[in-house]
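# Fold and contact review
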Amino acid sequence: MDLKKRPCPSCGGTMTRGTRPETITLGGHSLTYDQPGWHCHDCDDGIIAGADNEAGDAALRRLKEMAAGA
Ligand SMILES: [Zn+2]
C-alpha cells in the first residue's frame, strides 16, 4: 500500500499527503502558510493530524505577534 495515499473518510475518494496554502486572519491581519496534511482529490475534505498541527500553531503565534504590533 502506498503510504502517501489513503481513502477519504467522507467520500471514499483518494487522499494524498502534501501541503496546501492556508490563510488565517486575526484582527485585520492575515497570514498564509503551507499546511501539511492529507487532502482529498474528490471532495474538499482534509485531515490534519499530529505534528501537522505544529505548522498551524506556529503560523497562529506569528499572526498574534503581528496583530499585537510586534
Ligand atoms: Zn473526499
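A brief structural summary. Residue indices follow the written sequence of each chain, beginning from 1 at its first position. At least 70 in pLDDT is required for a residue's local features to be given in this predicted model, at least 80 for side-chain atom pairs to be given and counted, and no such filter applies to totals for whole chains, interfaces and linings, which use all residues. Calculation of side-chain values draws on the structure's entire complement of heavy atoms; hydrogens and water are dropped beforehand.

## Here we look at the packing of aromatic side chains
Where we set the bar: For Phe, Tyr and Trp, where Trp contributes only its six-membered ring, two rings pair if their centres lie within 6.5 Å, and the inter-plane angle classes them as stacked under 30 degrees, edge-to-face over 60, or tilted in between. In this scheme, Lys NZ or Arg CZ marks a charge over a ring once it lies within 6 Å of the ring centre and within 35 degrees of the ring normal.
Taken as a whole and assessed by the stated rule, the structure comprises zero aromatic pairs. The positively charged end of R6 is found above the aromatic ring belonging to W38, 5.2 Å away from the centroid.

## Section: the nonpolar core
Quick note on the threshold: Working definition of a nonpolar core: buried Ala, Val, Leu, Ile, Met, Phe, Trp, Tyr and Cys residues. They are joined through side-chain atoms within 4.5 Å. Buried means the residue's accessible area, taken with a 1.4 Å probe over protein chains only, is under 20% of the maximum for its type, while exposed means over 50%, and partly exposed covers the values in between. Helix and strand labels come from DSSP, where a helix needs a run of H or I of at least four residues and a strand needs a run of E of at least two; each type is numbered from the N terminus. When checking whether two residues touch, look at their non-hydrogen atoms; a contact exists if any pair is within 4.5 Å.
With five residues, the main nonpolar core is built from I24, L31, Y33, A59 and L63. Elements represented by at least two residues in this core include exactly β3 (29-40) and α1 (52-67). With near-sequence residues (within four places) excluded, L31 lies in contact with E22, T23, I24, A59, R62, L63 and M66.

## Comments concerning the coordination of the zinc ion
Test applied: With water excluded from the atoms, a metal site may look incomplete; its donors are any N, O or S atoms within 2.8 Å, or within 3.2 Å for Na, K and Ca. For four-coordinate sites, all angles between 85 and 135 degrees define a tetrahedron; for four- and six-coordinate sites, opposite donors beyond 155 degrees with the remaining angles between 65 and 115 define square planar and octahedral shapes respectively, and all other cases count as irregular.
On the protein side, the zinc ion has C8 (SG), C11 (SG), C40 (SG) and C43 (SG) as donor atoms, found 2.3 to 2.4 Å from it. For the zinc ion, the four donor atoms in the first shell make angles of 104 to 115° at the metal, so the coordination geometry reads as tetrahedral. All donors of the zinc ion come from a single chain, and their spacing in sequence reads C-x2-C-x28-C-x2-C. With C11 in the loop between β1 (5-7) and β2 (14-26) and C43 in the loop between β3 and β4 (46-47), the pair connects residues that are 32 residues apart, well separated along the chain. By relative accessible area, C11 is classed as partly exposed at 41%.

## Describing the pairing of β3
Residues in a regular strand point their side chains to alternate faces of the sheet. Here is the rule we go by: Here, strands pair whenever DSSP counts at least two bridges between them.
Pairing geometry for β2 and β3, over 12 bridges, is antiparallel. When the bridges of β3 are listed, E22 appears paired with Y33. Counting the residues in the hairpin turn of β2 and β3 gives two residues, including G27, whose phi is positive at 55°. Here β3 runs beside β4; their pairing, made up of two bridges, is antiparallel. Among the inter-strand pairings, W38 is bridged to a residue of β4, identified as I47. Linking two consecutive strands that pair antiparallel, namely β3 and β4, is a turn of five residues.

## Observations concerning the sheet that holds β1
To be explicit about the condition: Each axis is a line fitted through C-alpha atoms, and for a helix only the stretch in contact is used; angles between axes span 0 to 180 degrees, taken between their N-to-C directions.
Reading across the sheet, the four strands line up as β1-β2-β3-β4 and stay open at both edges, with antiparallel pairing between neighbours. The open sheet has two edge strands, β1 and β4, and neither has a second partner. Here α1 sits on the sheet and contacts β2 and β3; the angle it forms with β3, its principal contact strand, is near 175°.

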